[in-house]
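Per-entry structural report
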Amino acid sequence: MPSMLRRSRRRELTLTASFTNAIQEKVHLPQHFSESISYNAFIVAHTDIQPSSPSPSIAKSPDFARPSLTFSLYRSPVLNLQHHPIHTLPPELLIRIFELGSFDDALFLIAISHVCHPWRMLAIHTHTLWRRLSFGSHGLRLWKERIARTRGCSLDVIITPPQHRFPDMDALALQLHLLVPHISKARSLELRFSSYSPFLWNTALGPICRQEHNMGRHASAPLVHALQLEKLTLCFPENDDTKEFTLFAGVAPRLHNVTLDGIRLTWLPELYGRLTHLDYTHHGFTTGPTAVDEVLGMFQVSSALRELRICFRRGVRDGEVLYLPRNDAPAETHLLQLERLFLAVDESDIDIPPELTSLSSRLSMPKLHELHLVDRHFQPANRRWCKPAPFPGLRGALSLFQVTIPPNIKVLAMAGRWADHSSIPALAKHFTELHNLEIYGEEKDLIHM
């Protein structure tokens, strides 16, 4: 039975005079306001300044080829629309500003995408802006949305819990669970932990350490390969887990930059044979000749290094670490491409570790151009800091460097307890091609030495 409230015929749409006048007042500015707005320095008429057209590189990119982005930035359906001068900036410059702002605040891109429609279209369709994932704060829902907006772009992943706070193992496990399916897209991976927690590396690295012989028990878990990974940073100075980890099932064909502190890794040629930059702080589980042999074995695999930073951190152990006898030393390890060498001493050491001098005596570096002697206890930014006394064994170490370090280096930098002004003339005389000598970060004049 038809309802009695239903109309028998559809009412025709008619525009009354009052409705038409209301719409015109909303769309067209009043005459007195249009005259005053021309004198406003912050509003520019559409006919006076046209938005700059995109450059050929941006116009050809797949991100810019979207109709919504092109229409919003450069074409407006309203001819008399007022434009702010900031809309005349090229999109390349705006994207760079957005990128710099996102480094300091994870919510920056969310904020600027709510400023106006053109900025929102530019931010959303520029997928590279969302590639940086910093899991230090905020919820996982935010990071899921950022991963979705990256589309096919590579990712820069940073997991750094707040300082002076114990790492939340459950939160860390959830973060790795979210990240592992996308690890093949990771361009860089950085994990830094400053506070102690037992078996922390097990939780952080377990999901990316699956190997083929474990697939029988985990048939549903695929191997994790880092196909686009270029930079890897793993730092946990308080680690006490001596386990050796094999990452990414041995597959990371683009890896060339590695920073390690407080971790033991299986040094596979497939993973680390193409390294050009290595910043390595020894874990301290081995000392003396054993530690030196372990590090030299790593260098034999990564023989294509161009920059090397090495430091031996002392562990709390009984007994005394002895020097490695020179007559029992094996053959030299050749680093034929090495150009920059950084020898660092940890802030807790009171003297130069014997492992450091023993290691330098067994390296062949014919192309070495820069030698930096670093003291991690040296903090010139602190106003109360004063120049400390040199290491007790500094003279012996510098005499050894005159034998082991090639004389063709051009840059020599000394800081902290490495600096000894009485030894500078002998060093300047030995390194005949020295062009730059830095003491405490200040360049010295070699002519009047």
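Everything in this summary refers to the structure shown in the same document. Given the structure is predicted, the values throughout are model-derived calculations rather than measurements.

Details of the overall build of the chain
- Across its full length, the chain holds 15 helices and 16 strands.
- Residue burial in the chain is summarised as follows: out of 449 residues, 42% are buried.
- A separation threshold of at least 6 residues defines the contact pool for the chain, and within that pool the share at least 24 residues apart is 72%.
- By element, 56% of the accessible surface of the chain is carried by carbon and sulfur atoms, the whole surface being about 25,600 Å².

Considering the pairing of strand 8 (residues 277-282)
- The element strand 8 is extensively covered by neighbouring structure, given that six of its six residues are classed as buried.
- With burial as the criterion, each face of strand 8 is covered, one bearing His 277, Asp 279 and Thr 281 and the other bearing Leu 278, Tyr 280 and His 282.
- Pairing between strand 6 (residues 257-261) and strand 8: five bridges, direction parallel. Residue pairing across strands places Asn 257 opposite His 277, the latter belonging to strand 8.
- Sheet topology note: the strand 8/strand 9 (residues 307-312) ladder contains six bridges and is parallel. Across the sheet, Thr 281 pairs through a bridge with Cys 311, a residue of strand 9.

So, the pattern of salt bridges
- Applying the stated rule across the entire model yields 16 salt bridges.
- The closest approach of N and O atoms between Glu 339 and Arg 306, which form a salt bridge, is 3.3 Å. Of this pair, Glu 339 sits in the loop between strand 10 (333-334) and strand 11 (340-345) while Arg 306 sits in the loop between helix 12 (288-301) and strand 9; the two residues are 33 residues apart in sequence, bridging distant segments of the chain.
- Judged by relative accessible area, which is 31%, Glu 339 ranks as partly exposed.
- When the shortest N-O distance is used, the salt bridge between Asp 420 and Arg 395 registers 4.0 Å.

Quick word on the packing of helix 8 (residues 140-150) against helix 9 (residues 169-179)
- One way to put it is that helix 8 packs onto helix 9 with a least axis distance of 11 Å and a crossing angle of 15°. In terms of orientation, helix 8 lies roughly parallel with respect to helix 9. Handedness of the helix 8/helix 9 crossing: right-handed. Of helix 9, the residues touching helix 8 (which contributes Leu 140, Trp 143, Lys 144 and Ile 147) are Leu 174, Gln 175 and Leu 178.
- For the contact of helix 8 with helix 9, a count of residues per class yields five nonpolar, one polar and one charged.

A look at the nonpolar core
- By size, the foremost hydrophobic cluster in this structure holds 89 residues, and its most contacted members are Leu 205, Leu 247 and Phe 299.
- Looking at this core element by element, the count peaks at six residues for helix 12.
- Excluding its chain neighbours within four sequence positions, the residues that come into contact with Phe 299 are Leu 278, Leu 305, Leu 308, Ile 310, Thr 333, Leu 335, Leu 359 and Leu 363.

Describing the side chain of Arg 131
- Take Arg 131: it is sitting in the loop between helix 7 (117-125) and strand 1 (132-134).
- Within the buried core, Arg 131 has no salt-bridge partner, and the shortest N-O distance to an opposite charge, that of Asp 156, equals 4.3 Å.

Describing the packing of aromatic side chains
- This structure, assessed with the given rule, holds seven aromatic pairs.
- Both rings, one in Trp 201 and one in Phe 236, keep their centres 5.9 Å apart while their planes meet at 80°; by these two values the pair is edge-to-face. Placement of the pair is Trp 201 in helix 10 (residues 200-205) and Phe 236 in the loop between strand 4 (231-235) and strand 5 (244-245), with a sequence separation of 35 residues. The pair Trp 201 / Phe 236 is uniform in exposure class, with both members buried.
- Site record: aromatic cluster; members linked through ring pairs are Phe 193, Trp 201 and Phe 236.
- For the cation-ring pair, Arg 149 lies above Trp 130, with the distance from its terminal atom to the ring centre recorded as 4.6 Å.
- If you follow Arg 309 out to its NZ or CZ, it ends over the ring of Phe 342, 3.8 Å from the centre.

Criteria and thresholds
Just so you know, the residues in each chain are numbered from 1, in the order the chain's sequence is written. Per-residue local features of the predicted model are confined to residues with pLDDT of at least 70, and side-chain atom pairs are confined, for both listing and counting, to 80 or more; whole-chain, interface and lining totals are unaffected and use all residues. Excluding hydrogens and water, the side-chain figures rest on all heavy atoms present in the structure. A run of H or I in DSSP counts as a helix once it spans at least four residues, and a run of E counts as a strand once it spans at least two, with each numbered from the N terminus. Think of it in three bands: residues with accessible area under 20% of the maximum for their type are buried, residues over 50% are exposed, and the middle band is partly exposed, with areas taken using a 1.4 Å probe on protein chains only. Every residue pair with non-hydrogen atoms within 4.5 Å of one another is taken to be in contact. Computed with the Shrake-Rupley method and a 1.4 Å probe, the accessible areas treat only the protein chains shown as cover for residues. Strand pairing is assigned whenever DSSP detects at least two bridges linking the two strands. Salt bridges are identified by distance alone: a Lys or Arg side-chain nitrogen within 4 Å of an Asp or Glu carboxyl oxygen. Where helices are involved, their axes are fitted lines through C-alpha atoms of the stretch in contact, as for all axes, and angles between N-to-C directions lie from 0 to 180°. Oblique is the label for any angle not covered by the other classes, which are roughly parallel (under 35 degrees), roughly antiparallel (over 145) and roughly perpendicular (65 to 115). Left-handed describes a crossing whose near helix is turned anticlockwise from the far helix through less than a right angle; right-handed describes the clockwise counterpart. Put simply, Ala, Val, Leu, Ile, Met, Phe, Trp, Tyr, Cys and Pro go in the nonpolar bin, Asp, Glu, Lys and Arg in the charged bin, and everything else, Gly too, in the polar bin. Residues enter a nonpolar core if they are buried and are Ala, Val, Leu, Ile, Met, Phe, Trp, Tyr or Cys, with the set joined through side-chain atoms within 4.5 Å. His is not counted, nor are the chain ends; Lys and Arg add positive charge and Asp and Glu add negative charge. Aromatic pairs are defined between Phe, Tyr and Trp rings, using the six-membered ring for Trp, whenever the two ring centres lie within 6.5 Å; interplanar angles under 30 degrees are classed as stacked, those over 60 as edge-to-face, and all others as tilted. To sit over a ring, a charge needs its Lys NZ or Arg CZ within 6 Å of the ring centre and within 35 degrees of the ring normal.

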